[in-house]
Amino acid sequence: MTDTIFAKIVRREIPADIVYEDDEVLAFRDLNPQAPVHVLFIPKRAIATLDDAVPGDAALLGKLLLAAAAYARAQGFEKDGYRTVINTNGHGGQTVFHIHVHLLAGRQMHWPPG
Ligand code: DGP
């Protein structure tokens, strides 16, 4: 897969407001926030899209979701709630082809999305 801006963030080649990191996961604030809290959870090992994920990626994908939930809980959003989103390819609205989970919190979300 081609290199992305998120791979550059993992390698610290460009700056980001990093809010969480472990051996496999990095989380940083979205440059263009859509909610008072908008954090992106990415695997350090790049997978381009959800469609590219294979059974061997299951644990890593689970870690992304659990890291997002733990962050939301630590920030006190678990009772009011929050939204987690993975956009995939064109109709999904994906623009950066390094898989990421959006965590949106701090305001009422609406359904269906636009
Ligand atoms: P998506 O459309 O699902 O691929 O989301 C990509 C998100 O990445 C979008 O909400 C804006 C954000 N983004 C793009 N470039 C950068 C960047 O250089 N830094 C940060 N922090 N976020 C970025």
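Under an unreviewed UniProt entry, the name given to the protein is Zinc-binding protein, and the organism recorded is Luteibacter yeojuensis.

Caption draft 1: Examining the site of the ligand more closely. Among the 15 residues in the neighbourhood of the ligand, the closest are listed as Asp 30, Asn 87, Gly 93, Thr 95 and His 102. Gly 93 places a polar main-chain atom, nitrogen or oxygen, 2.8 Å from an oxygen atom of the ligand. Backbone polar atom of Val 96 to an oxygen atom of the ligand: 3.0 Å apart, as the coordinates give it. Alone, the ligand offers 510 Å² of accessible surface; in the complex the protein occludes 84% of this.

Caption draft 2: Main features of the packing of aromatic side chains. In total, this model carries 2 aromatic pairs according to the counting rule given. Taking 5.2 Å as the distance between ring centres and 75° as the angle between the ring planes, the aromatic pair formed by Phe 6 and Phe 28 counts as edge-to-face. Pair noted here: Phe 6 is in helix H1 (residues 5-10) and Phe 28 is in strand E2 (residues 25-29), with a separation of 22 residues, a long-range link. The pair Phe 6 / Phe 28 is uniform in exposure class, with both members buried.

Caption draft 3: Structural view of the UniProt feature "domain: HIT" (unreviewed entry) in the protein. Under the present numbering, the feature "domain: HIT" (unreviewed entry) in UniProt falls on residues 5-114. Secondary structure content for residues 5-114 is 25% helix and 23% strand, while the C-alpha to C-alpha distance between its ends is 26 Å.

Caption draft 4: Region of the structure containing the sheet that holds strand E4 (residues 82-85). Spatial strand order, E1-E2-E3-E5-E4: 5 strands in an open sheet with antiparallel pairing. In the strand order of this sheet, the two ends are held by strand E1 (18-21) and E4, each with one partner. Strand after strand, the sheet turns through a mean of 20° between neighbouring axes, direction not considered. Bridge count for E4 against strand E5 (residues 101-105) is 4 bridges, and the pairing is antiparallel. By the bridge assignment, Thr 84 is partnered in E5 with Leu 103. Strands in contact with helix H2 (residues 58-74) are E1, E2, strand E3 (37-43), E4 and E5; relative to E3, the strand with the most contacts, it is inclined by about 155°.

Caption draft 5: Region of the structure containing the environment of Gly 92. With respect to the helices and strands, the residue Gly 92 is situated in helix H3 (residues 89-92). Remark: the alpha-carbon pair of Gly 92 and Thr 2, spanning 90 residues in sequence, is separated by 20 Å.

About the criteria used
- Residues numbered from 1 in each chain as written.
- Predicted model: local features only at pLDDT ≥ 70, side-chain atom pairs only at ≥ 80, totals over all residues.
- Heavy atoms only, no water.
- Near = heavy atom within 4 Å.
- Polar contact = N/O pair within 3.5 Å; in protein donor to acceptor, adjacent residues only side chain to side chain.
- Areas by Shrake-Rupley, 256 points an atom, 1.4 Å probe, with all protein chains shown as cover.
- Phe/Tyr/Trp six-rings, centres within 6.5 Å; stacked < 30°, edge-to-face > 60°.
- Helix = DSSP H or I, 4+ residues; strand = E, 2+ residues; numbered from the N terminus.
- Buried < 20%, exposed > 50% of the residue type's maximum accessible area, 1.4 Å probe, protein only.
- UniProt positions renumbered as here; feature names shortened; annotations may be inferred.
- Pairing = 2+ DSSP bridges.
- Axes fitted to C-alpha atoms, helices over the stretch in contact; angles between N-to-C directions.
- Contact = heavy atoms within 4.5 Å.

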